[in-house]
Amino acid sequence: MDRCGLSLHISNIAYAGRMAVLTLPEAILLLALPLAAAGVTLFARQRRALRECQLAVAAHQRAEARMREIIDSLPARISQFDRQERVLYANRYCGVVYRCDPADLVGKTIREVRGDKAYATIKTYIDRVLAGEHVSYEHALERDGELRHYQQDYVPDVDAAGRVQGFYSVSFEITDRQRAAEVLDRLTRTDPLTGLMNRREFEQRLPEAVARCRRFGKPMALLFLDVDHFKAVNDTFGHATGDEVLKAFAHQLAGAVRQTDTVARLAGDEFVVILEALTRADEAALVAQKIVQAVNQPFDGAAAVRQVSASAGLALHDGGESTAEQLLARADAALYDAKAAGRNTFCVR
Ligand SMILES: Nc1nc2c(ncn2[C@@H]2O[C@H](COP(=O)(O)OP(=O)(O)OP(=O)(O)O)[C@@H](O)[C@H]2O)c(=O)[nH]1
């Protein structure tokens, strides 16, 4: 009952008092009834308000539980750090990756969680996110004895005043994507028939080798090989046998050089070898001789073609001004010299 209603009620009592003489209990009852009614109304309102508040809290708790369930169910590491790089929150998947209860991570620093070595690498990203930048990078972690790759995002946690008070970290596993990319990368660099490097990869590696030769002053050489009379192999035994010969030849060639030497198939029956960090320039001629002899050995197994020979052109680089293209052109010219000299040999330019 509001103030106006109460004064109206009292004036009604006064009027009633004038009309009839009330007993005391009747007067008290008359006064108490509206007050009790007002109390009941107030109580009901308070109860309704309390109920609404309880419902709101329950709804909030349900929403929070749902959010937490979603965050915990995602196959991603989601965590929150303060400015001192301490874990404030870590979702369930963090526990899966770090093999612990995620609650045990809370309070630890990122350095304690990731270890000194990883921390040295990621410190720069942490500094950037704490300076307010959204940072993305990829990294690898060993899990179950296997190297797994992750896409990592750091997002600044900014307070109402615009200050960075920490950061959120989200990390998705990208191992499958990474492996697919590696396979694709390998395919783009490899000759599918022989498994050797292809021309594209060779064209990238030769200038790098020339640059190293110039920088460190260690002589290098390029050997350009071509199988002798290979057309006759195809014409006599068919293309499939020709392919088998190329594979066997590639195997012999790769076996005749060091693991660190670069061996590539440029096209058809043309192969190249980059010989780096030679101690003396004439060492290249010895290696060329050894290679020409090695590829002239009979093939393993009972193939239709038991043996081939190859001619080779050798070009040396002493660390001077020659470019990769010039080196390749010299080796190519030397190869023609070797063909003209009767094949199954090498010439130098
Ligand atoms: N089997 C097979 N043959 C190929 C492939 N690529 C190119 N060839 C063939 O390889 C042969 C290359 O022959 P050439 O090098 O031109 O001639 P050659 O008979 O070896 O003669 P010389 O080099 O002068 O001794 C051609 O017949 C091409 O068709 C391949 O991937 N597989």
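Procedures and definitions
- Residues numbered from 1 in each chain as written.
- Predicted model: local features only at pLDDT ≥ 70, side-chain atom pairs only at ≥ 80, totals over all residues.
- Heavy atoms only, no water.
- Helix = DSSP H or I, 4+ residues; strand = E, 2+ residues; numbered from the N terminus.
- Buried < 20%, exposed > 50% of the residue type's maximum accessible area, 1.4 Å probe, protein only.
- Contact = heavy atoms within 4.5 Å.
- Areas by Shrake-Rupley, 256 points an atom, 1.4 Å probe, with all protein chains shown as cover.
- Core = buried A, V, L, I, M, F, W, Y, C linked by side-chain atoms within 4.5 Å.
- pLDDT = per-residue confidence, 0-100.
- Patch = residues over 30% accessible without salt bridge, like charges linked within 9 Å, V, L, I, M, F, W, Y side chains within 5 Å.
- Salt bridge = Lys/Arg side-chain N within 4 Å of Asp/Glu carboxyl O.
- Near = heavy atom within 4 Å.
- Polar contact = N/O pair within 3.5 Å; in protein donor to acceptor, adjacent residues only side chain to side chain.
- Nonpolar A, V, L, I, M, F, W, Y, C, P; charged D, E, K, R; others polar.
- Axes fitted to C-alpha atoms, helices over the stretch in contact; angles between N-to-C directions.
- Parallel < 35°, antiparallel > 145°, perpendicular 65-115°, else oblique.
- Left-handed = near helix turned anticlockwise from the far one by under 90°.
- Pairing = 2+ DSSP bridges.

J.: Which parts of the structure should I look at to understand the overall build of the protein chain?
T.: For the protein chain, the count of helices and strands is twelve helices and ten strands. Split into buried and exposed, the 349 residues of the protein chain put 35% on the buried side. Residue pairs at least 24 apart in sequence account for 55% of intrachain contacts in the protein chain once pairs closer than 6 positions are excluded. For the protein chain, the computed accessible surface area is about 20,800 Å², with 56% contributed by carbon and sulfur atoms.

J.: Honestly, the nonpolar core in this entry has me stumped. Any pointers?
T.: Grouped burial of nonpolar side chains is what soluble globular proteins tend to show. L223, L225, F249, L253, F271, V273 and I291 are the most contacted members of the largest nonpolar core, which totals 32 residues. Where this core is concerned, the elements lending two or more residues are β6 (220–227), α9 (230–237), α10 (239–256), β8 (270–275), α11 (283–294) and β9 (310–317). With 18 residues, the next largest nonpolar core counts C213, L222, A264 and A331 among its residues.

J.: What exactly am I supposed to notice about unusual backbone geometry here?
T.: In most cases, non-glycine residues show a negative phi, while peptide bonds are predominantly trans. One non-glycine residue, A277, lies in positive phi territory at about 50°. With respect to the element layout, A277 can be found in the loop between β8 and α11. You can call A277 partly exposed: its relative accessible area is 47%. One non-glycine residue, N344, adopts positive backbone phi at about 50°. The residue N344 is located in the loop between α12 (324–340) and β10 (346–348) in this model.

J.: In this structure, what is going on with the confidence of the model for the protein chain? I would like to understand it.
T.: Segments scoring low in pLDDT should not have their predicted coordinates read at a detailed level. Residues of the protein chain with pLDDT of at least 70 account for 94%, and the chain-wide mean is 91. No element of the protein chain has a lower mean pLDDT than helix α1 (residues 3–19), at 52, and none a higher one than α12, at 98. Predicted as a complex, the structure gets a pTM of 0.68 and an ipTM equal to 0.95.

J.: Is there a simple way to think about a nonpolar patch on the surface in this case?
T.: Side chains of M67, I70 and L74 sit close together on the surface and give an oily, nonpolar patch of about 260 Å² of accessible area. Its location among the elements puts L74 in the loop between α2 (24–73) and β1 (76–82).

J.: Help me out: how do you make sense of the site of the ligand in this one?
T.: Around the ligand, a shell composed of 16 residues is seen, among which D226, H229, K231, D243 and R265 lie nearest. Take H229: an N or O atom from its main chain is 2.8 Å from an oxygen atom of the ligand. Contacts to the ligand include N234, whose side-chain N or O atom sits 2.8 Å from a nitrogen atom. Relative to its free-state accessible area of 660 Å², the ligand is covered by the protein chains to the extent of 67%. Those elements that provide at least two residues to the shell around the ligand are β6, α9 and α10. Here the shell around the ligand is built from residues that sort into three nonpolar, five polar and eight charged.

J.: I tried to follow the packing of α10 against α11 on my own but got confused; where do I start?
T.: Relative placement of two packed helices is described by the angle separating their axes and the distance separating the axes. At a closest axis distance of 9 Å, the pairing of α10 and α11 adopts a crossing angle of 150°. As judged from the angle between their axes, α10 and α11 are roughly antiparallel. When the axes of α10 and α11 are compared, the crossing they make is right-handed. Within the contact between the two elements, α10 uses Q252, L253 and A256 and α11 uses K290, I291 and A294. In terms of residue class, the contact of α10 with α11 is made up of four nonpolar, one polar and one charged.

J.: How should I be thinking about the sheet that holds strand β7 (residues 262–267) in this particular structure?
T.: Two pairing modes exist for strands in a sheet, parallel and antiparallel, and in both the strands are linked by backbone hydrogen bonds. An order of β7-β8-β6-β9-β10 is seen for the five strands of this open sheet, with the pairing classed as mixed. Two strands lie at the open edges of the sheet, namely β7 and β10, each paired on one side alone. Direction aside, the axes of adjacent strands within the sheet are offset by 20° on average. Note: β7 against β8, five bridges, orientation antiparallel. Paired with A264 across the bridge in β8 is V272.

J.: Quick question: what am I supposed to make of the pairing of strand β2 (residues 87–90) here?
T.: Two faces belong to every sheet, and in a regular strand the side chains alternate between them. Of the strand pairs in this sheet, β1 and β2 are connected by three bridges, and their pairing is antiparallel. Bridged to F81 within β2 is V87. Taking the residues that link successive antiparallel strands as the turn, the β1-β2 hairpin has four residues, and the phi of E85 there is positive, at about 65°.

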